[in-house]
Amino acid sequence: MINQIDIASFGSFSDLEWKKTVRDSGKNVKNFQQLNILYGRNYSGKTTLSRIFRALETGRLPPNYTGSSFTVNGDKGAVTCKELLTHDYDVRVYNRDFVAENLSFLISQDFSGEIKTFAIVGEKNKEIDDTIAAIEAKLGSIEAKAGLRFDLEGRKKERDRTKTNHDAAISALDGKLRSHAAEKIKKNPQYGVPVYNIDHIKRDITTTKNAGFSPLTLPEQAAKLALLKQEALPDITTELTIALRYDSLKAQAEPLLSKLITPTKPIQELLNDSLLQLWVKQGIPHHRDKRSTCAFCRQSLPHDIWQTLDEHFSKESGGLETDLDNIITTVKSEISATANLITLSSDQFYMEERSAFDTNRQALANELDIYKKDLEGLKKSLETRKNNLFQPATLPPTLHNPIEIQQHVNAINSLISTNNNKTKTLEKDKTSARDALRLTDVSMFADAITYDTELTKIATLKTSAETADKAYTNAEKEIRNAELEVQALRNKQRDERKGAERVNLLLNNFFGHDGLKLEPRDSLDKATVKFEITRDGNPAYNLSEGECSLIAFCYFIARLEDPDSKGKELIIYIDDPISSLDGNHIFFMFSLIESLIAKPIKKTDGSNAYRYKQLFISTHNLDFLKYLKRLSIPTKKTATGDGKTKSSYSHEHFMIERNGAASNILLMPSYLKDYITEFHYLFHQIYKCKDQEAARVSHEPFFGFGNNLRKFLEAFLFFKYPYHDDRNDSFERIKKFFGEEEDTAIALVNRLNNEFSHLEAVPDRSFKPIEIPEIAKVANYVLDKIYASDPIQYNSLLKSIGESERTD
């Protein structure tokens with residue numbers, strides 16, 4: 001059921017907000033009810049409003065209504081202009097657009113027009129009815145909690161539940177991924193990724209799952225971070241070269257160490273004491289040709305001392321000593337050079353090579369220390385032989401490893417090459433470092449959120465959702481096939497001729513038009529049927545407006561029984577169906593609506609069922625409005641606090657007004673709703689003109705003042721003075737009522753007859769602005785006279801239009 005309509009822009013409606021406009025005197029918002037009566041003068045916007053309902057029926061806006069905007073609110077959700085094809089409201093509208101679309105012949109009344117055929121269910125076939133009943137029983141309903149439709153509702157809930165769970169799991173995981181991508185990766189300058197989103201982190205997680213990937217250790221992360229801070233270093237231009245001389249020196253030393261020499265006339269004491277021999281030998285340079293006494297003991301030197309010593313220290317021993325001194329000097333030089341073999345420092349290398357360089361450098365230094373010890377052992381052996389020339393000496397075992405030393409040298413040189421090449425690839429290496437750091441971060445994050453477990457969970461939920469969706473789809477398909485089978489069976493019962501017969505039955509029973517009929521005519525191939533209007537058996541043309549109205553409305557009522565409408569909970573909108581009808585036909589139109597639409601059907605339990613879900617009827621005719629008051633009013637039951645139910649009426653009356661260019665929807669005033677006579681309406685229009693300031697709010701009563709006053713006085717004075725013997729009885733009644741004040745009475749009559757209500761007498765009146773102060777003056781004059789004549793009647797009239805009594 002439709003409750004409210006907000007119209008931002010549609011035809012003459014603009015900026016209509018229901019909750020602000022449709023309120024009662026207590027400022028309470030009033031909604032559409034099950035039965036709704038709408039009154040409005042011609043051109044007030046009634047048909048425009050009906051076109052919104054027809055748009056719901058047809059699924060499209062009427063022509064020339066582009067840019068429209070409205071929202072229909074009801075128990076099946078809100079519908080906007082963009083949702084006309086997807087809503088669940090079953091609407092049927094009778095208005096001029098319905099007539100133009102389905103009965104274009106009534107407009108053109110020539111061969112260019114047509115009357116669209118429709119079918120209603122023909123004679124019942126028991127076998128088909130039984131089959132339909134069986135299928136319908138199998139289909140069941142949600143309300144009955146049985147059948148395929150009820151099962152479908154359960155499957156729909158299960159589909160929605162599983163889909164919600166699946167979507168929630170995806171949303172939760174994606175939320176974590178998005179957050180980490182945006183907050184931890186994208187904003188981290190070390191990763192250098194200004195654009196990084198959920199798709200990127202998903203690709204990175206996939207990369208970390210590859211067999212060849214290993215996250216960085218903490219030291220590796222530190223090294224990568226240091227690399228990112230590294231600036232380009234100058235190339236190392238020289239390689240490390242170490243030429244070991246030990247083997248060469250050893251080859252020179254071994255003959256000297258092992259050489260055997262003997263003195264010419266040896267001094268046995270010296271041979272027996274190498275230290276004494278060394279002491280004597282070292283003292284010779286200090287005494288020969290310098291002293292005749294011993295510098296140590298002050299004793300005189302023997303005269304043959306130098307000959308004796310020369311025979312002991314022979315020329316051969318002197319040569320050996322000289323050779324030993326030379327090689328000792330060379331060994332010492334090699335020992336000194338060893339300390340300066342490694343000239344490179346770690347700060348010449350990039351961080352990634354620095355650790356390897358330090359390791360190899362230390363290993364090389366250790367090996368060179370051993371090498372130095374071997375040199376020092378060689379030197380010591382040489383010095384030992386020198387100190388005891390007549391005693392051969394031996395070499396200690398060699399401990400250093402030339403191969404290992406060269407390996408370390410080669411490793412350092414390889415690092416030099418790698419380091420120099422690193423300068424060329426530094427930026428690329430930094431990019432790789434950033435990638436490695438980022439992937440390590442992503443890998444740790446994926447482990448922290450148990451990414452693989454979540455994917456498994458999502459896959460399981462997806463399978464459940466797909467299974468539930470497939471079950472729902474299959475159930476829906478089964479229902480659709482069953483409904484199509486029912487439709488096919490009902491199509492076998494469809495009969496266009498029955499549609500025409502139904503229209504004719506309505507025309508004859510309700511309006512007495514047995515001569516005017518809608519005849520079905522077969523096409524030449526007998527395959528199709530078309531409708532034709534006949535009068536006394538002949539094609540009818542030049543139909544009156546009244547006849548067109550009767551045929552069109554009977555056609556609409558009959559179509560409510562076609563298979564597309566029958567049995568559905570319809571929202572029916574009937575817009576002004578009594579155009580150009582006389583009083584009798586207006587009553588018959590009311591009778592038709594009451595009998596076939598509004599009148600309830602008694603159910604076996606005594607409760608009422610209705611042929612419509614919701615009914616709207618609009619009119620401009622006060623006589624028809626008076627009849628509509630007599631329509632059967634639907635009731636609804638609501639629960640009370642004591643467990644019982646109470647019945648209340650479900651109907652409402654509305655008025656459509658047009659102020660200037662804009663139409664509006666209001667609650668119907670009580671004088672129209674409760675009394676329903678033109679007399680009350682005319683009195684209210686005159687009363688509105690008593691205050692000229694009211695023209696600022698609504699000027700329409702002032703422009704219609706002449707006609708309204710004339711018609712009101714004719715009715716009012718006719719019942720006050722029902723007989724008068726003068727031919728010009730209107731003039732005489734006015735004189736009687738307003739008294740013998742000739743000037744005032746005659747002036748009033750002239751204004752009424754010659755200016756305000758009959759423009760043909762003074763055509764230029766329509767080209768002049770209306771004189772508001774003059775109208776207000778006349779209105780007050782008439783109202784005061786009525787009050788003076790009969791205060792009780794006057795106050796009753798005031799009550800009927802919702803105004804307070806006059807007490808002066």
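Rules of the game
- Every residue gets a number counted from 1 within its own chain, in the order that chain's sequence is written.
- In keeping with the model being predicted, local features are shown solely for residues with a pLDDT of at least 70 and side-chain atom pairs are shown and tallied solely at 80 or more, while totals for entire chains, interfaces and linings include all residues.
- Hydrogens and waters are ignored; side-chain quantities use all the structure's heavy atoms.
- Here a helix means four or more residues in a row that DSSP labels H or I, a strand means two or more in a row labelled E, and each is numbered from the N terminus.
- In what follows, residue pairs with any heavy atoms lying within 4.5 Å of each other are defined as contacts.
- All accessible-area figures derive from a Shrake-Rupley calculation using a 1.4 Å probe, and residue coverage is judged against the displayed protein chains alone.
- What counts as a salt bridge is simple: a side-chain nitrogen of Lys or Arg found within 4 Å of a carboxyl oxygen of Asp or Glu.
- Any residue under 20% of the maximum accessible area for its type is buried, any over 50% is exposed, and the rest in between are partly exposed; the area is computed with a 1.4 Å probe on protein chains only.
- The criterion is simple. A nonpolar core is a set of buried Ala, Val, Leu, Ile, Met, Phe, Trp, Tyr and Cys residues joined through side-chain atoms within 4.5 Å.
- All axes are obtained by fitting lines to C-alpha atoms, using only the stretch in contact for helices, and the reported angles, taken between N-to-C directions, cover 0 to 180 degrees.
- In this scheme, roughly parallel covers angles under 35 degrees and roughly antiparallel covers those over 145, while 65 to 115 is roughly perpendicular and the rest are oblique.
- By convention, the crossing between two helices is left-handed when the near helix turns anticlockwise from the far helix through less than a right angle, and right-handed when the turn is clockwise.
- Gly is put with the polar residues, along with every residue not named as nonpolar or charged; the nonpolar set is Ala, Val, Leu, Ile, Met, Phe, Trp, Tyr, Cys and Pro, and the charged set is Asp, Glu, Lys and Arg.
- Paired strands, in this sense, are two strands between which DSSP finds at least two bridges.
- Counted as a polar contact is a pair of N or O atoms within 3.5 Å, where, for protein atoms, one must be capable of donating a hydrogen and the other of accepting one, and residues adjacent in sequence contribute only when both atoms are in side chains.
- Here the aromatic set is Phe, Tyr and Trp, taking the six-membered ring for Trp, and pairing holds for ring centres within 6.5 Å; pairs whose planes are under 30 degrees apart are stacked, those over 60 apart are edge-to-face, and all others are tilted.
- Lysine NZ or arginine CZ positioned within 6 Å of the ring centre and within 35 degrees of the ring normal marks a charge as sitting over the ring.

Student: Explanation requested: the overall build of the protein chain in the structure shown.
Tutor: In terms of regular secondary structure, the protein chain is built from 29 helices and 19 strands. For the protein chain, the proportion of contacts with a sequence separation of at least 24, taken over those separated by at least 6, is 70%. If you sum the accessible surface of the protein chain, you get close to 44500 Å²; carbon and sulfur atoms cover 50% of it.

Student: Help me out: how do you make sense of the pattern of salt bridges in this one?
Tutor: Opposite charge on two side chains lets them pair, provided their charged atoms get close. Scanning the model with the defined rule gives 33 salt bridges in all. A salt bridge links aspartate 167 to lysine 163, with the nearest nitrogen and oxygen atoms 2.8 Å apart. Pair noted here: aspartate 167 and lysine 163 are both in helix 6 (residues 147–185), with a separation of four residues, about one helical turn. Taking relative accessible area as the criterion, aspartate 167 reaches 34% and is therefore assigned partly exposed. A residue is classified by how much of its surface remains accessible, and lysine 163, at 46% relative accessible area, is partly exposed.

Student: Even after reading the chapter, I still don't get unusual backbone geometry, so can you show me in this structure?
Tutor: With the exception of glycine, the majority of residues adopt a negative phi angle, and the majority of peptide bonds are in the trans configuration. Within the chain, aspartate 15 stands out as a residue other than glycine whose phi angle is a positive 55°. Within the secondary structure, aspartate 15 is located in strand 2 (residues 13–16). Not every positive phi belongs to a glycine, and tyrosine 43 is a case in point at roughly 70°. Tracing the backbone through its elements, the reader meets tyrosine 43 in the loop between strand 3 (35–39) and helix 2 (46–58).

Student: Mind showing me how you'd approach the nonpolar core here?
Tutor: Grouped together as the largest cluster of nonpolar side chains are 87 residues, with contacts concentrated most on Leu106, Ile533 and Ile574. Every residue in contact with isoleucine 574, bar those within four places of it in the chain, is listed here: Tyr94, Phe553, Phe556, Ile593, Ile597, Leu615, Phe616, Ile617 and Ser618. If you look at the next biggest cluster of nonpolar residues, it comprises 34 residues, including Leu240, Ala253, Leu257 and Ile416.

Student: Would you mind showing me how to read the packing of helix 14 (residues 351–387) against helix 15 (residues 402–424) here?
Tutor: The relative placement of two packed helices comes down to the angle between their axes together with the axis-to-axis distance. It is the contact of helix 14 with helix 15, at a shortest axis distance of 9 Å, that shows an interaxial angle of 155°. Relative to helix 15, the element helix 14 lies roughly antiparallel. Judged by the twist between their axes, the crossing of helix 14 over helix 15 is left-handed. Counted together, Glu352, Glu353, Ala356, Phe357, Asn360, Arg361, Ala363, Leu364, Glu367, Leu368 and Tyr371 of helix 14 and Glu404, Ile405, His408, Val409, Ala411, Ile412, Leu415, Thr418, Asn419 and Lys422 of helix 15 form the full contact between these two elements. Residue classes in the contact of helix 14 with helix 15 are distributed as 11 nonpolar, four polar and six charged.

Student: I'm lost on the pairing of strand 3 in this one. Help?
Tutor: Within a regular strand, side chains alternate between the sheet's two faces. With five of five residues buried, strand 3 is to be regarded as a mostly interior element. Residue alternation in strand 3 divides its side chains into two sets, Leu35, Ile37 and Tyr39 and Asn36 and Leu38, and both sets are buried. Relative to strand 15 (residues 614–619), strand 3 runs parallel, the two sharing five bridges. Residue pairing for strand 15: asparagine 36 is matched across the bridge by phenylalanine 616.

Student: Which parts of the structure should I look at to understand the side chain of arginine 385?
Tutor: For arginine 385, the location among the structural elements is in helix 14. A distance of 2.9 Å separates the side chain of arginine 385 from the backbone oxygen of leucine 256, its partner in a polar contact. Beyond its immediate sequence surroundings of up to four residues, arginine 385 is in contact with Leu256, Leu257, Ser258, Lys259, Leu260, Ile261, Leu320, Leu324, Gln391, Pro392 and Ala393.

Student: Explain the packing of aromatic side chains here, please?
Tutor: What describes a pair of aromatic rings is the distance from one ring centre to the other and the angle between the planes of the rings. According to the stated counting rule, one finds 31 aromatic pairs in the structure shown. Summarising the aromatic geometry, the rings of phenylalanine 98 and phenylalanine 556 are spaced 5.3 Å apart at their centres and angled 85° between planes, so their arrangement reads as edge-to-face. In this pair, phenylalanine 98 sits in helix 3 (residues 96–102) while phenylalanine 556 sits in helix 19 (residues 545–559), placing the two residues 458 residues apart along the sequence. Given the relative accessible area of 4%, phenylalanine 98 is considered buried. Phenylalanine 556 sits in the buried class, given a relative accessible area of 2%. Site record: aromatic cluster; members linked through ring pairs are Phe679, Phe683, Tyr687, Phe712, Phe716, Phe737, Tyr787 and Tyr794. For the cation-ring pair, arginine 159 lies above tyrosine 472, with the distance from its terminal atom to the ring centre recorded as 4.1 Å.

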